[in-house]
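Coordinate analysis (summary)
One-letter residues, chain by chain:
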Amino acid sequence: MTQTSLRKTFFLETQGCQMNEYDSKVMTDILNIELGLSETKDSKNASLLIVNTCSIREKSQEKVFSLLGVWKKIKEKNPNVIIGVTGCVASQEGDLIRKRAPYVDIVLGPQSIHRLPNIIKKIKSKEEKNIIDIDFSVIEKFDSIKFKTDSKISEFITIMEGCSKYCSYCVVPYTRGTEVSRSLNSILKEAKFFISNGAKELVLLGQNVNAYNYKSSNEICDFGLLLFYISQLSNLKRIRYTTSHPNNFSASVYKAYQHIPKLVNHLHLPIQSGSDKILASMKRGYTVIEYKSVIKKLLEIRPSMTFSSDFIVGFPGETDDDFQKTLDIIEEINFDVSYSFVYSKRPGTPATYYKDNVEDVVKKKRLHKLQDLLNKKLDTRLKNMQGSTQRILVEGVSKKGDNLLTGRTENNTVVNFKGKCNSIGNIVDVRITDKSKNTLKGEII
Ligand code: SAH
Ligand code: SF4
Ligand code: F3S
């Protein structure tokens, strides 16, 4: 291994949600453009090791420290290697990271990642020994984004940062700050850039995208209006977004579903629990009936719309009866591919003071029961799709080989089918012929 090959590469591991994936792309491009570093998949060969972290649950946070343990050995062999921790664990833990892992050189919160090139220069020149930067300066981050020319068929765009909902169990408002909407101009500029470089689908990202509300001295734009602006971009075929909150479905968002065919017929709308008592203690700000009324209104506009959700089981105070109500809502709404978690106590959140009276074995049992039901629902839905014709945005060649192409239905199910590469980037009609566990097989019509 030569010193030169070491100097020009970085290794980046991304944990957590799509917002972290987006931030990792920003870091990859900025490191390449400003420092000429390129990404390597081999951590032993890199001069810079970065982990972009998530602290949503205790387990996610602990993953970081086990990875750092491995990197410590790499650094022992080559002390010039720089180790950085970015993302939500960085904001959550700050200098405690360096107390636990003193060989870490850089700790950067999600809003400071654009400063990475300068920070690396300072550390390399020994101007600084280590740097911790966990400021919330969102706007500066978006102003500093530099683009590179390769776009995937489906690209993420972060439209807002942070969260001001303060659910009683959640770290996000503390790790990413309060809700801030990115400027309309900057979003449209980036969207146009991705589309002109081949993107056909945009996935708008934020913790509560439908709370988007950009105000400047001469313009106001809410989420519904933003969807209209984006839908006008030519050559864009599909718009998705995640995550949305039941309390932010305004008239303008419903209007978007009426008038924007590019907006897919599928929505990820986390409910967390089917019990009003638990929802209140989670401080979600809605009841089950209010949640269901959002779904009902959307189904009136789009009768074939499907929904997925997030669930937390074993929240403090959750009885068998509360849990049964969560199972009931899954039966009723027929959620497809959803995410479910056992409640995890997060430092600094109000729920840590609640009496956690649900035993661990009970929590695990509930999780399994809930996941079995969700899997059963998904299996039925996939079976019911067999024989149907689906509109698929062709994303590329399938990893499964056999000259298969891969793409997604509007409700985000992966379909593999035989076809020619020149249909990549187009929407094609595919008849569903078969299913495997979570994906479908089909043939182009
Ligand atoms: N902003 C979105 C998603 C937040 S994070 C929303 O409010 O719906 C993604 C998911 O992680 C949450 O929907 C929730 O189901 C889960 N989650 C968040 N904090 C958690 C905790 N402390 N323990 C277990 N699951 C948690
Ligand atoms: Fe966390 Fe609640 Fe905000 Fe979602 S809405 S990010 S769960 S505080
Ligand atoms: Fe995790 Fe932060 Fe996303 S805590 S889920 S990476 S916003």
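Cut-off values and rules
- Residues numbered from 1 in each chain as written.
- Chains lettered and ligands numbered in written order.
- Predicted model: local features only at pLDDT ≥ 70, side-chain atom pairs only at ≥ 80, totals over all residues.
- Heavy atoms only, no water.
- Helix = DSSP H or I, 4+ residues; strand = E, 2+ residues; numbered from the N terminus.
- Rg over C-alpha atoms; globule rule 2.2 N^0.38 Å.
- Buried < 20%, exposed > 50% of the residue type's maximum accessible area, 1.4 Å probe, protein only.
- Contact = heavy atoms within 4.5 Å.
- Near = heavy atom within 4 Å.
- Polar contact = N/O pair within 3.5 Å; in protein donor to acceptor, adjacent residues only side chain to side chain.
- Areas by Shrake-Rupley, 256 points an atom, 1.4 Å probe, with all protein chains shown as cover.
- Nonpolar A, V, L, I, M, F, W, Y, C, P; charged D, E, K, R; others polar.
- Expected span 1.5 Å × (residues − 1).
- Pairing = 2+ DSSP bridges.
- Right-handed = clockwise from strand over helix to strand, strands pointing away.
- Core = buried A, V, L, I, M, F, W, Y, C linked by side-chain atoms within 4.5 Å.
- Salt bridge = Lys/Arg side-chain N within 4 Å of Asp/Glu carboxyl O.
- Axes fitted to C-alpha atoms, helices over the stretch in contact; angles between N-to-C directions.
- pLDDT = per-residue confidence, 0-100.

**Quick notes on the overall build of the chain**
Along its length, the chain carries 15 helices and 21 strands. A compact globule built from 445 residues would reach a C-alpha radius of gyration of about 22 Å, and the chain, at 23 Å, matches this within 12%. For the C-alpha atoms alone, the extent of the chain along its principal axes is close to 60 × 60 × 50 Å. Within the chain, buried positions represent 55% of all 445 residues. Of all intrachain contacts in the chain linking residues separated by at least 6 positions in sequence, the fraction that spans at least 24 positions is 72%.

**Some thoughts on the site of ligand 1**
In the neighbourhood of ligand 1, 15 residues make up the surrounding shell, with Gln207, Gln272, Arg284, Asp310 and Ser344 lying closest. A distance of 2.6 Å is found between an oxygen atom of ligand 1 and a side-chain nitrogen or oxygen belonging to Asp310. Burial of ligand 1 by the protein amounts to 91% of the accessible area it has alone, namely 540 Å². Among the secondary structure elements, those contributing two or more residues to the shell around ligand 1 are strand S15 (306–313) and strand S16 (336–342). Taken together, the residues of the shell around ligand 1 sort by class into seven nonpolar, four polar and four charged.

**Focus: helix H3 (residues 58–77)**
The first and last C-alpha atoms of H3 sit 30 Å apart over 20 residues, in line with the 28 Å expected at 1.5 Å per residue. Within H3, the full set of buried residues consists of Ser60, Gln61, Val64, Phe65, Leu67, Leu68, Trp71, Ile74 and Lys75. Where the residues of H3 are buried, they touch strand S1 (9–14), strand S3 (48–53), strand S4 (82–87), helix H4 (88–93) and helix H5 (96–100).

**Observations regarding unusual backbone geometry**
Omega for the bond connecting Thr242 with Thr243 falls within 30 degrees of zero, at 0°, which places this linkage in the cis form. Structurally, the position occupied by Thr243 is in the loop between strand S13 (238–242) and helix H11 (251–259). The phi dihedral of Lys126 is positive, around 65°, even though this residue is not glycine. On the secondary structure map, Lys126 appears in the loop between helix H6 (116–124) and strand S6 (131–133). Judged by relative accessible area, Lys126 falls into the exposed class, the value being 67%. In this structure, Asn334 takes a positive phi of about 60° despite not being glycine. Along the chain, Asn334 falls in the loop between helix H14 (320–333) and S16.

**Digging into the site of ligand 3**
Cys17, Asn20, Thr53, Cys54, Ser55, Ile56, Cys88, Arg176 and Gln207 make up every residue found near ligand 3. Each residue belonging to the shell around ligand 3 can be placed in one class, and the counts come to four nonpolar, four polar and one charged.

**Observations regarding the pairing of S15**
Burial of S15 is extensive: eight of the eight residues sit out of reach of the surface. Burial along S15 is two-sided: the face carrying Thr306, Ser308, Asp310 and Ile312 and the face carrying Phe307, Ser309, Phe311 and Val313 are both buried. In this structure, S15 lies alongside S16, joined through five bridges in parallel fashion. Across the sheet, residue Val313 finds its bridge partner in S16, namely Val342. Following the backbone out of S15, through H14 and into the adjacent parallel S16, one traces a crossover that is right-handed.

**What about the nonpolar core?**
The nonpolar side chains of a soluble globular protein tend to be buried, and buried together. If you look at the biggest cluster of nonpolar residues, it comprises 68 residues, and the most contacted ones within it are Ile159, Leu204, Tyr212, Phe223, Leu226, Ile230 and Tyr241. Per-element tally for this core: the top contributor is helix H9 (residues 184–196), with seven residues. Sequence-distant contacts of Phe223, defined by excluding residues within four places in its chain, comprise Ile159, Leu204, Val209, Asn210, Tyr212, Tyr241 and Val253. Of all hydrophobic cores here, the second largest spans 24 residues; its members include Met19, Leu31, Ile82 and Ile131.

**Quick word on the pattern of salt bridges**
The tally for this structure, following the rule as stated, stands at 26 salt bridges. For Asp23, the salt bridge is made with Arg176, and the minimal N-O distance between the two is 2.6 Å. Of this pair, Asp23 sits in helix H2 (residues 18–35) while Arg176 is found in the loop between helix H8 (172–175) and strand S9 (180–181), placing the two residues 153 residues apart along the sequence. A relative accessible area of 1% places Asp23 in the buried class. Take Arg176: its relative accessible area is 1%, and that puts it in the buried class.

**A look at the sheet that holds S15**
Taken in spatial order, the three strands make up an open sheet running S14-S15-S16, and their pairing is parallel. Of all strands in the sheet, those with a lone pairing partner are strand S14 (266–268) and S16, marking the two edges. The mean inter-strand angle of the sheet, taken between neighbouring strand axes irrespective of direction, is 10°. Bridging between S14 and S15 involves three bridges; their strand directions are parallel. Bridge assignment links His268 to a residue of S15, and that residue is Ser308. Sitting on the sheet, helix H15 (residues 360–385) is in contact with S15 and S16, with an inclination near 175° to S16.

**What about the confidence of the model for the chain?**
Residue-level pLDDT values for the chain average 94, and 98% of them are 70 or greater. Within the model, pLDDT remains below 50 along residues 1–6, and this stretch shows 10 contacts once partners closer than five positions in the same chain are excluded.

**Section: the sheet that holds strand S7 (residues 154–158)**
Spatially, three strands are ordered S7-S10-S13 in an open sheet, and the strand pairing comes out parallel. Only two strands of the sheet have a single partner each, and these edge strands are S7 and S13. Each strand of the sheet is rotated relative to its neighbour by a mean of 25°, with strand direction disregarded. Bridge count for strand S10 (residues 201–205) against S13 is five bridges, and the pairing is parallel. Following the sheet pairing, Leu205 is matched in S13 by Thr242. Of the strands in this sheet, S7, S10 and S13 touch H2, which is tilted by about 95° from S7.

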